[in-house]
Amino acid sequence: HLQRVHGDLHVGQVLRTSRGLVVIDFEGDPSLSPAERSRERSPLVDLASLLLSLDHAGCAAARRQPSFDWRAWSSKARAACLSAYELEVGAVDR
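A brief look at the structure comes next.

What follows is about the layout of surface pockets. Here the largest pocket is characterised by a volume of approximately 720 Å³. If you trace the largest pocket, you find 25 residues lining it, with Leu9, Val14, Leu21, Leu50 and Cys81 closest to the centre. Taken together, the elements giving at least two residues each to the lining of the largest pocket come down to strand E1 (3-4), strand E2 (14-17), strand E3 (20-23), helix H2 (44-64) and helix H3 (70-89). With seven residues, the top contributor of residues to the lining of the largest pocket is H3. Residue classes in the lining of the largest pocket are distributed as 19 nonpolar, two polar and four charged.

Listed below in structure tokens is the structure:
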């Protein structure tokens, strides 16, 4: 399945509101030309970017609080993200 994707999706572009999660950036990867950004790709590109950004968020939290177990937090956060994604679209090859 191919579609237009964000290409640079990360947790800093998702806000939690009283009505649910909202994506606030639709520009995509700024290093790509507009033509490259609009080509269709696998939606798993965005899922992979989002999962990686969860690791980055965990690492950032550990820099502020050295005792924070970012690996355990990131593992749980990635699992929750994957489970939610799979509820909507079906299983992905992990």
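Further remarks concern the packing of H2 against H3. Relative orientation and spacing of two packed helices are given, respectively, by the angle between their axes and the distance between those axes. Taken N-terminus to C-terminus, the directions of H2 and H3 make an angle of 155 degrees; their axes are 9 Å apart at the nearest point. Looking at the two axes, H2 sits roughly antiparallel to H3. For the element pair H2 and H3, the recorded crossing hand is right-handed. Residues Leu44, Leu47, Leu50, Leu51, Leu54, Asp55, Ala57, Gly58, Cys59 and Ala62 of H2 touch H3, and the partners they reach there are Trp70, Trp73, Ser74, Ala77, Arg78, Cys81, Leu82 and Tyr85. The residue inventory of the contact of H2 with H3, partitioned by class, reads 14 nonpolar, two polar and two charged.

Once that is clear, we can look at the pairing of E2. Here four bridges tie E2 to E3, and the two strands are oriented antiparallel to one another. When the bridges of E3 are listed, valine 14 appears paired with valine 23. Between E2 and the antiparallel strand that follows it, E3, lie two residues.

Further remarks concern the packing of aromatic side chains. Describing an aromatic ring pair means giving the distance of the ring centres and the angle of the ring planes. As enumerated under the stated definition, the model contains one aromatic pair in all. Judged by centre distance (6.3 Å) and plane angle (50 degrees), the rings of phenylalanine 68 and tryptophan 73 are tilted. By relative accessible area, which is 35% here, tryptophan 73 ends up partly exposed.

With that settled, consider H2. Along its 21 residues, H2 runs 31 Å from first to last C-alpha, staying within 8% of the 30 Å computed at 1.5 Å per residue. Those residues of H2 not exposed but buried are Asp46, Leu47, Leu50, Leu51, Ser53, Leu54, Asp55, Gly58 and Ala62. Here the buried face of H2 lies against H3.

This paragraph deals with the nonpolar core. One finds Leu47, Leu50, Leu51, Leu54, Ala77, Cys81, Leu82 and Val92 forming the largest nonpolar core, which totals eight residues. Ranked by residues supplied to this core, first place goes to H2 with four residues. Once residues within four sequence positions are removed from consideration, leucine 47 is found in contact with Cys81, Leu82 and Tyr85.

A grouping of Leu15, Val22 and Ile24 is seen on the molecular surface, where their side chains present a nonpolar patch of about 240 Å² in accessible area. For isoleucine 24, a relative accessible area of 49% corresponds to the partly exposed category.

Rules used in this analysis
Residues numbered from 1 in each chain as written. Predicted model: local features only at pLDDT ≥ 70, side-chain atom pairs only at ≥ 80, totals over all residues. Heavy atoms only, no water. 1 Å grid on protein atoms, 1.4 Å probe; cavity = no way out; pocket = protein on both sides within 12 Å on 5 of 7 lines; lining within 4 Å. Points joined across faces, edges and corners; volume = space filled by probe spheres on them. Helix = DSSP H or I, 4+ residues; strand = E, 2+ residues; numbered from the N terminus. Nonpolar A, V, L, I, M, F, W, Y, C, P; charged D, E, K, R; others polar. Axes fitted to C-alpha atoms, helices over the stretch in contact; angles between N-to-C directions. Parallel < 35°, antiparallel > 145°, perpendicular 65-115°, else oblique. Left-handed = near helix turned anticlockwise from the far one by under 90°. Contact = heavy atoms within 4.5 Å. Pairing = 2+ DSSP bridges. Phe/Tyr/Trp six-rings, centres within 6.5 Å; stacked < 30°, edge-to-face > 60°. Buried < 20%, exposed > 50% of the residue type's maximum accessible area, 1.4 Å probe, protein only. Expected span 1.5 Å × (residues − 1). Core = buried A, V, L, I, M, F, W, Y, C linked by side-chain atoms within 4.5 Å. Patch = residues over 30% accessible without salt bridge, like charges linked within 9 Å, V, L, I, M, F, W, Y side chains within 5 Å. Areas by Shrake-Rupley, 256 points an atom, 1.4 Å probe, with all protein chains shown as cover. Salt bridge = Lys/Arg side-chain N within 4 Å of Asp/Glu carboxyl O.

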